[in-house]
Amino acid sequence: MNTEHFDVVVIGTGAGGGTLLHRLAPSGLRILVLERGDFLPRESENWDQHEVFVAGRYLAPERWLDADGKPFQPYTHYWVGGNTKVYGAALLRLRESDFRETRHFGGISPAWPIEYAELEPYYLEAERLYEVHGEAGADPTEPWRSGPFPFPPLPFEPRMAEIANGFREQGLRPFPCALGVRLRERDPEPRASRVLGRFDGYPDPTETKSDAEVVCVNPALRFPNVTLLTRAMARRLETDAGGRSVRTVVVERDGEPLRFSADLFVVACGAINSAALLLRSTSEKHPQGLANGSGFVGRNYMCHNNGMVIAISDEPNPSRFQKAFAIADFYHGADDSPRPLGLIQLMGKPDEAFLEDIARPFLPDVPRGRLWTRTLDFFITAEDLPDADNRVQLDASGSIRLHYRENNREAYDRLRAKLVGALSKFGCAADRCLHTNAYVGPKLGVSGVSHQSGTLRFGTDPRTSVLDRQCRAHELDNLYVTDSSFFPSSGAVNPSLTIMANALRVGDRILERLRLPPAGATR
């Protein structure tokens, strides 16, 4: 089997791999990009509720095992662009406090080996790259920024504006959620409900959503030095005889084995699959898995305490795109909560089949297909904490086994109570009456892996971390990681923007190492 050589091999095309590719592509380096999925097809099913949410048309076609060995379908997607093909494009920065050691109800969230200031210019660059719409200064816990959002926030639909005012009357400070949407050239005054009516969880055939394929991968493929190989799963990484440098990646493509060598490798498969790849890459020098001398590969898995709060109401909510605002007033705690709680944000409308299950008993007279007009739908996030026993492992057949026991649940429960309490106080004066019948909605379980992080944490001590502060493996001189596995803690905001910003940062460190000029922000 012939082995073709490249300067850099990037494994994965999502928020981490795709953004890194954007940074490296103009350098002239000969780059091979491996993606286990294919290009997501543009088809009528992209916006078909049944196909997307019931049939799971775009989900990864595999089963993982939970801690008890029970199979489950993970909510993850293998396409060019990774999970960003179906994400909600909420692109928020971690707070400054998230980079420091913080005490929570469930324990300690550790400090990061870098400070917010080092990542800030890359946050700004990532916001510009992904065309984030937001309003600086509106978020009461927003960290300092060196420049404004590149685009103004999307306008609220009328009902969302009414609900936001209802929260303000209680002293809360809802702010426009920072969203990555490509509206600049489509309409000088875009009607978000028309363009974005199918958003959270849906692929976007209009390419309005700022996903990694559209923003980063496709433009990078215009460079002749970039090669993309789809349907190519990285099975293992192999090192030189001394075990200090990765030399080749073994790939399976359409059932056939392939091998590629490179001077430098970047792993960006997602926190779970990146850990699995290193665990599969055992050798005499790395008997526990590649870069796993510390035993920390796969450990400290985090996914947030995430859940839905759906207010079922007699009052119509005709909003087509209700992903309007977020509430961070409880991010650092509350008058009756001395520890951080988390973030509340509106979410895209749930699918009708889901609403039939949870809302129909409270709205028996609403016609089928119209339940969505009677709900107000929130997504709440509290931080979960790193725990070495929460981990990715492989069973005897090589299948992923995900051990996860929730922690810091008190923060989630208190945050949910804060939201329900605020909604319950809405008066019926003027046009803001809720007439709420119930508050329902599940907390996400082990299959809810869209906020996965932490399995290859970075740090300064090789005994307790896998990567150094530049996200290079402590034990290998040419292996980097740019997905969310580097997180030592999870914060309580969607991880995507932090992944993107860090990928730009690591990209600059790689270019400096290769004596090429950094392409964007500086330290």
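For clarity, every value in this text was computed on a predicted model and none was experimentally measured. Note that residues are indexed from 1 along each chain, following the sequence as it is written. Only residues with pLDDT of at least 70 get local features here, since the model is predicted, and only at 80 or more are side-chain atom pairs given and counted; chain-wide, interface and lining totals rely on the full set of residues. Water and hydrogen atoms were dropped before computing side-chain values, which therefore reflect all heavy atoms in the structure.

Caption draft 1: Region of interest: the layout of surface pockets. Both cavities and pockets are sets of points on a 1 Å grid over the protein atoms alone; in a cavity a 1.4 Å probe fits but cannot get out, in a pocket the set is open with protein on both sides within 12 Å along at least five of seven lines, and lining residues sit with an atom within 4 Å of a point. Grid points are joined across faces, edges and corners, and a volume is the space filled by probe spheres set on the points. Size it by volume and the second largest pocket reaches roughly 270 Å³. Along the walls of the second largest pocket sit 15 residues, with Arg 36, Gly 37, Asp 38, Pro 61 and Tyr 78 positioned nearest its centre. Residue polarity is assigned by list, with Asp, Glu, Lys and Arg as charged and Ala, Val, Leu, Ile, Met, Phe, Trp, Tyr, Cys and Pro as nonpolar; anything else, Gly included, falls into the polar class. Residue classes in the lining of the second largest pocket are distributed as seven nonpolar, one polar and seven charged.

Caption draft 2: Examining the nonpolar core more closely. Grouping buried Ala, Val, Leu, Ile, Met, Phe, Trp, Tyr and Cys residues that are joined through side-chain atoms within 4.5 Å yields what is termed a nonpolar core. Between buried and exposed lies partly exposed: a residue is buried under 20% and exposed over 50% of the maximum accessible area for its type, with that area taken using a 1.4 Å probe on protein chains only. The biggest cluster of nonpolar side chains holds 113 residues, and the ones touching the most others in it are Leu 34, Tyr 130, Leu 237, Val 249 and Leu 479. Considering every element that reaches this core, the biggest residue donor is helix 10 (residues 496-513), with nine residues. For Leu 237, the contacting residues outside a window of four places in its chain are Ile 11, Val 246, Thr 248, Val 249, Phe 265, Val 267, Leu 277, Leu 278, Ser 281, Leu 290 and Leu 479. The next biggest cluster of nonpolar side chains, apart from the first, holds 26 residues, and it includes Met 160, Phe 167, Ile 327 and Ala 422. Counting from the N terminus, the helices are the DSSP runs of H or I reaching at least four residues and the strands are the DSSP runs of E reaching at least two. Whether two residues are in contact is decided by their heavy atoms, any of which lying within 4.5 Å being enough.

Caption draft 3: Molecular detail of the sheet that holds strand 4 (residues 71-72). If DSSP finds at least two bridges between two strands, the strands pair. Spatially, 4-3-19-18 is the arrangement adopted by the four strands of the open sheet, whose pairing is mixed. The open sheet has two free edges, formed respectively by strand 4 and strand 18 (391-394), since each of these has just one partner strand. For strand 18 and strand 19 (residues 400-403), the ladder comprises four bridges, and the chain directions are antiparallel. Bridge assignment links Val 392 to a residue of strand 19, and that residue is Leu 402.

Caption draft 4: Layout of empty space enclosed by the protein. For the coordinates displayed, the defined rule picks out four cavities of 30 Å³ or more. If you add up the space inside the largest cavity, you get close to 120 Å³. Forming the walls of the largest cavity are 15 residues, and the residues nearest its centre are Asp 139, Glu 142, Phe 149, Phe 175 and Ala 178. Of the residues belonging to the lining of the largest cavity, the class tally is seven nonpolar, one polar and seven charged. By volume, the second largest cavity amounts to about 70 Å³. If you trace the second largest cavity, you find eleven residues lining it, with Leu 154, Pro 155, Leu 179, Lys 323 and Ala 324 closest to the centre. Counted by class, the lining of the second largest cavity contains ten nonpolar, no polar and one charged residues.

Caption draft 5: Looking closely at the environment of Leu 371. With respect to the secondary-structure elements, Leu 371 resides in the loop between helix 8 (352-358) and strand 17 (375-382). A sequence separation of 16 residues divides Leu 371 from Leu 355, and the C-alpha atoms of the two residues are 6.6 Å apart. Contact partners of Leu 371, with chain neighbours within four places excluded, come to Glu 352, Leu 355, Glu 356, Arg 360, Leu 363 and Val 366.

Caption draft 6: Representation of the confidence of the model for the protein in the model. Within the protein, residue pLDDT values average 93, and 94% of them lie at 70 or more. Per-residue confidence from the predictor is reported as pLDDT, a score between 0 and 100. Here residues 428-432 scores under 50 on pLDDT; set against residues more than four positions off or in separate chains, the count is eleven contacts.

Caption draft 7: Structural context of the pattern of salt bridges. We define a salt bridge as a side-chain nitrogen of Lys or Arg found within 4 Å of a carboxyl oxygen belonging to Asp or Glu. This structure, assessed with the given rule, holds 37 salt bridges. Where Asp 38 meets Arg 231, a salt bridge forms, and the shortest distance between an N and an O atom there is 3.4 Å. With a gap of 193 residues between them, Asp 38 in the loop between strand 2 (31-34) and helix 2 (49-54) and Arg 231 in the loop between strand 10 (226-229) and strand 11 (232-239) connect regions that are remote in the sequence. Asp 38 sits in the partly exposed class, given a relative accessible area of 27%. Its relative accessible area of 31% is what places Arg 231 among the partly exposed residues. Lys 85 is the partner of Glu 213 in a salt bridge, and the nearest nitrogen-oxygen pair spans 2.6 Å.

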